[in-house]
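If you want the building blocks of each chain, they are given just below.
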Amino acid sequence: MSPGKNEIKSIDPATLEMIEKAAQEGVPNAFERAERISPCPIGADGNCCSICAMGPCRVPLPRAREETPEEKKRRRGVCGATAETIAARNFVRKIAAGTASHGDHGRVMAKLFLDIAEGKAPGYQIKDEQKLLSLALDLGVKIGDRSNEEIAVDLGKLLVNEFGKQEGELLFLKRAPLKRQEIWRKWGIAPRGIDIEVAEAMHRTHMGTDQEYHDLLNFGSKVGLADGWGGSMIGTEIQDIIFGTPAPLLSQINLGVLKEDEVNIIIHGHEPQLAEMLAVASQEPEMIAYAKSKGAKGINLAGMCCTANEMLMRHGVPIAGNFLQQELAIVTGAVEAMVVDVQCIMQGLADTANCYHTKVITTDARAKIQGAVHMQFDEHHAIESARAIVRAAVDNFVNRGSNVRIPNHKADMIAGFSHETINYLLGGMFRASYRPLNDNIINGRIRGVAGVVGCNNPRTIHDQGNLLMVKELIKNDVLVLQTGCMAMASGKAGLMVPEAAAEFAGPGLASVCEAVGIPPVLHVGACIDNSRLLIAATAMVKDGGLGDDISDLPVAGAAPEWMSEKAIAIGQYFVSSGVFTVFGTTWPTVGSKEATEFLFKDMEQMYGGMWAFEPDPVKAAHMMIDHIDKKRKALGIDKARERVLYDMAMRRELEAV
Ligand code: NFS
């Protein structure tokens, strides 16, 4: 499954060029390490339990044959835990880690929002008043003739409270279709608060606590929902209010956005509060003059991973690359500073940077790296912190070596398709709605909608799974919405410009894209913004004609190149919200048939959504299309599509005559 020694490691030419440069210069990187380390097959299948010191206990399935009943009985850890319990426990811990990460991000945003409202974080402001007011209305915060700041204080307190809440239900659950809320209550998985579900997950999976795999995995849904409808949604909503709700804009992506004659600063990680200030500080006239005094023509800010998505969506800051390109950006020899906050930051960066002049600067007390420089970011003195970091980068320009090579590869991309934007684009400024989308789904021009999200993983060919899957989907008239590193993969491949519709999309989807002027693949944001997909799906239900629950919609989700625990949390909340979701790369419960059956089959009976695993991206795309067709049939709109297809065939026949 993993690309072999002589196999191509990426389909992206910029990445291949830098892998080669790294090899020539003897520079360590993830591609090279992945070749040396084979994944532990027992751990990969979820068959290793390391939660107590009686083990780690390994309970692998026999390879290439069915296990006997006797073997099955004996396949247990020292405490007697079955392979099902072990696989379920490991899976739930991944969900908890993912939920904790998104939750911690959301919490930081909620507290910053409160600080801004109380005047304690100068430099930040409330940028989207309309979103502030509509969220306040949604959550029952009094508006009247109160100032934005007064409203924001109440709203901020309410949202901060969601993290530590001990009882009741998360406030945002009420945004879901009513039927969905009832399903959650029926299975006891409506989260009470965000932190409490993560803490209970750690307790339940401790040695000797919950040892019923159904029960564990059902609880996993509660934790996942605390992410999607809790931490992630709070993060997205607040970021929109304080940094602005994204709207479409043109930018560029890939290592070619780095500039040979400027100071290059890469912002990498997930939480945008520092990057927002770096964008300001790096463009101040005094700072540019300072850069010029050091021999540079200016200061070039570029992004990596989800901080990049945040800055792209709101400011058009170009993206240098996705997850697997982080070390390779340094290999160009042209990066003065790699400024990181939290999550998806490889420790290997420090080692790679040692081979060049690049400074890796950590900025968050929660995420330090041995060998990196730490410059603590202080939100209460944000612009001063940002200036100090930019100055450190500028000072480093004179240390650049002679081994600079920036790949000549970059692509145009349009980003900024927030839920609000899609609403306006489709329905117009004055009667924003999802009606035209629903109508085009009902008449069959658009077959359905797919969310293709998640990471890169060196165990697969970089960006290839995404590209094959997305192209197959749009060719079959499925509109694709993307976040995270997969959005970047499509951007690099030129799928996020309107012209891509004519070239790659099926005739129905292409006709809608051309009429509205949108690409067939929409960039919706960072991974935390997968919450926008939940809101979009709910808006489709509420607009009518496509059933009364998310599970009725002709939609599907996928993460063809996932690697992070956050991806598992996201998948679990999609499935528990009623969405069929297929993952590629590897599947962490295959060592237990029962646990896997629960996730792949039982969940559909319970929640209307289920997981699937398919490493072949084209086959996975067809699983999504089949699911979409199944839902179209159940809605009674499959006939409309047949007519559209018939019309096209007729047209082609006519053209051939
Ligand atoms: Ni998502 Fe974004 Fe990328 Fe994966 Fe990491 S950056 S939060 S986890 S690797 S998509």
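Residues numbered from 1 in each chain as written. Predicted model: local features only at pLDDT ≥ 70, side-chain atom pairs only at ≥ 80, totals over all residues. Heavy atoms only, no water.

## Quick look at the overall build of the chain
When its secondary structure is counted, the chain shows 27 helices and 16 strands. Against the 2.2 N^0.38 benchmark of 26 Å for 657 residues, the chain shows a C-alpha radius of gyration of 24 Å, consistent with a compact globule. Here the C-alpha coordinates of the chain stretch approximately 70 × 65 × 65 Å along the principal axes. Across the 657 residues of the chain, 61% fall into the buried class. Sequence separation of at least 24 residues holds for 76% of the intrachain contacts in the chain that already meet a minimum separation of 6. Taken as a whole, the chain presents about 24500 Å² of accessible surface, with 54% of it coming from carbon and sulfur. Taking the average place of the 70 positive charges on the side chains of the chain and the average place of its 82 negative ones, the gap between the two points comes to 3 Å. (Helix = DSSP H or I, 4+ residues; strand = E, 2+ residues; numbered from the N terminus. Rg over C-alpha atoms; globule rule 2.2 N^0.38 Å. Buried < 20%, exposed > 50% of the residue type's maximum accessible area, 1.4 Å probe, protein only. Contact = heavy atoms within 4.5 Å. Areas by Shrake-Rupley, 256 points an atom, 1.4 Å probe, with all protein chains shown as cover. Lys, Arg positive; Asp, Glu negative; His and termini not counted. Charge placed at Lys NZ, Arg CZ, Asp CG, Glu CD.)

## Looking at the pairing of strand β14 (residues 555–559)
The side chains of a regular strand alternate between both faces of the sheet. With five of its five residues buried, β14 lies for the most part within the structure. Going residue by residue along β14, you find Val 555, Gly 557 and Ala 559 tucked away on one face and Ala 556 and Ala 558 tucked away on the opposite face as well. Of the strand pairs in this sheet, β14 and strand β15 (residues 580–583) are connected by four bridges, and their pairing is parallel. Considered in β15, the bridge of Ala 559 is made with Phe 583. (Pairing = 2+ DSSP bridges.)

## Focus on the coordination of the nickel atom of the ligand
Exactly one donor from the protein chain reaches the nickel atom of the ligand: Cys 527 (SG), at 2.2 Å. Coordination at the nickel atom of the ligand comes from four donor atoms whose angles at the metal span 90 to 162°, giving a geometry best classed as irregular. Tracing the backbone through its elements, the reader meets Cys 527 in the loop between β13 (521–525) and α23 (530–543). (Donors = N, O, S within 2.8 Å, 3.2 Å for Na, K, Ca; no water. Tetrahedral: all angles 85-135°; square planar, octahedral: opposite > 155°, others 65-115°.)

## Quick word on the pairing of β15
Where burial is concerned, the two faces of β15 agree: the one with Phe 580 and Val 582 and the one with Thr 581 and Phe 583 are both buried. What joins β14 to β15 is helix α24 (residues 565–576), and the crossover it makes is right-handed. (Right-handed = clockwise from strand over helix to strand, strands pointing away.)

## Observations concerning the domain arrangement of the chain
Domain boundaries assigned for the chain yield domain 1 (13–74), domain 2 (83–243), domain 3 (249–399) and domain 4 (417–635). On a C-alpha basis, the centroid separation for the pair domain 1 and domain 3 is 32 Å. On the side of domain 3, 15 residues touch domain 1, which itself brings 13 residues to the contact. Together, the buried faces of domain 1 and domain 3 total about 1100 Å²; carbon and sulfur atoms form 69% of this surface. Considering only the surface of domain 1 that becomes buried against domain 3, Met 18, Val 27 and Pro 28 emerge as the three largest contributors, covering 36% of it. One can count one salt bridge joining domain 1 with domain 3. Here domain 1 and domain 3 share six residue pairs in polar contact (both at pLDDT 80 or more) between them. Among the secondary structure elements, those contributing two or more residues to the side of domain 1 that touches domain 3 are α1 (13–25) and α2 (30–36). (Domains from an automatic or database assignment. Buried area = accessible area lost by both parts, 1.4 Å probe. Salt bridge = Lys/Arg side-chain N within 4 Å of Asp/Glu carboxyl O. Polar contact = N/O pair within 3.5 Å; in protein donor to acceptor, adjacent residues only side chain to side chain.)

## Details of the site of the ligand
Around the ligand sit His 270, Cys 305, Cys 306, Phe 323, Cys 344, Gly 454, Cys 455, Cys 485, Cys 527, Met 563, Ser 564 and Lys 566, and that is every residue in its neighbourhood. Tallied by class, the residues present in the shell around the ligand amount to eight nonpolar, three polar and one charged. Formed jointly, the shell around the ligand draws a minimum of three residues from each of two domains, domain 3 (249–399) and domain 4 (417–635). (Near = heavy atom within 4 Å. Nonpolar A, V, L, I, M, F, W, Y, C, P; charged D, E, K, R; others polar.)

## Quick notes on the side chain of Thr 205
Following the sequence through the fold, Thr 205 ends up in the loop between α9 (195–204) and α10 (213–243). Residue Thr 205 is classed as buried on the basis of its relative accessible area, which comes to 0%. At a separation of 2.8 Å, a polar atom in the side chain of Thr 205 contacts the side chain of Arg 93. A distance of 2.7 Å separates a polar atom in the side chain of Thr 205 from the backbone oxygen of Ala 201.

## A closer look at the pattern of salt bridges
For the structure shown, the criterion picks out 50 salt bridges. Of the charged contacts, one joins Arg 65 and Glu 71 as a salt bridge, the two residues approaching to 2.8 Å between their closest N and O atoms. Overall, Glu 71 belongs to the partly exposed group, its relative accessible area being 29%. Put simply, Lys 131, Asp 138, Arg 175, Glu 237, Asp 240, Glu 310, Arg 314, Glu 420, Asp 529 and Arg 532 are held in one network by salt bridges that share partners.

## A closer look at the side chain of Asp 240
Considering the arrangement of structural elements, one finds Asp 240 in helix α10. Separated by 2.8 Å, the side chains of Asp 240 and Arg 314 make a polar contact. The residues touching Asp 240, leaving out its near neighbours within four places in the chain, are Asp 128, Lys 131, Thr 245, Pro 246, Arg 314 and Arg 532.

## Looking at the packing of α23 against α24
Packing of α23 against α24 brings their axes to within 11 Å, and their N-to-C directions diverge by 10°. In terms of orientation, α23 and α24 fall into the roughly parallel class. Residues Asn 530, Ser 531, Leu 533 and Leu 534 of α23 form the contact with α24, whose own contacting residues are Ile 570, Tyr 573 and Phe 574. (Axes fitted to C-alpha atoms, helices over the stretch in contact; angles between N-to-C directions. Parallel < 35°, antiparallel > 145°, perpendicular 65-115°, else oblique.)

## Some details on α24
Between its first and last C-alpha, α24 extends 17 Å over 12 residues, near the 16 Å set by a 1.5 Å rise per residue. Burial within α24 is extensive, with 11 of its 12 residues counted as buried. Measuring from the backbone nitrogen of Lys 566 back to the side-chain oxygen at the start of α24 gives 2.8 Å, which picks out Ser 564 as the cap. Positioned one or two residues after α24, Gly 578 has a phi angle of 105°, which is positive. (Expected span 1.5 Å × (residues − 1).)

## Structural notes on the sheet that holds β15
If you trace the six strands from one edge of the open sheet to the other, you get β13-β12-β11-β14-β15-β16, paired in parallel fashion. Both edges of this open sheet fall to β13 and β16 (611–613), since each of them pairs with a single strand only. The average angle at which neighbouring strand axes cross in this sheet is 25°, direction not considered. With four bridges connecting them, strand β12 (residues 478–483) and β13 associate as parallel partners. Across the sheet, residue Val 480 finds its bridge partner in β13, namely Val 521.

## Concerning a nonpolar patch on the surface
A grouping of Ile 8, Ile 11 and Leu 16 is seen on the molecular surface, where their side chains present a nonpolar patch of about 210 Å² in accessible area. Mapped onto the elements, Ile 11 comes out in the segment before α1. For Ile 11, a relative accessible area of 33% translates into the label partly exposed. (Patch = residues over 30% accessible without salt bridge, like charges linked within 9 Å, V, L, I, M, F, W, Y side chains within 5 Å.)

## Brief notes about the nonpolar core
Within the largest apolar cluster, 172 residues are counted, with the highest numbers of intra-cluster contacts made by Leu 473 and Met 624. Here this core takes 14 residues from α10, the largest share from any one element. (Core = buried A, V, L, I, M, F, W, Y, C linked by side-chain atoms within 4.5 Å.)

## Looking at the state of the cysteines
Covalently bonding the sulfur atom of one cysteine to the sulfur atom of another cysteine gives a disulfide. One pass over the full model with this rule turns up zero disulfides. With no disulfide partner, Cys 48 has as its closest neighbouring cysteine sulfur the one in Cys 40, 6.3 Å distant. Assessed through its relative accessible area of 24%, Cys 48 is described here as partly exposed. (Disulfide = S-S within 2.5 Å.)

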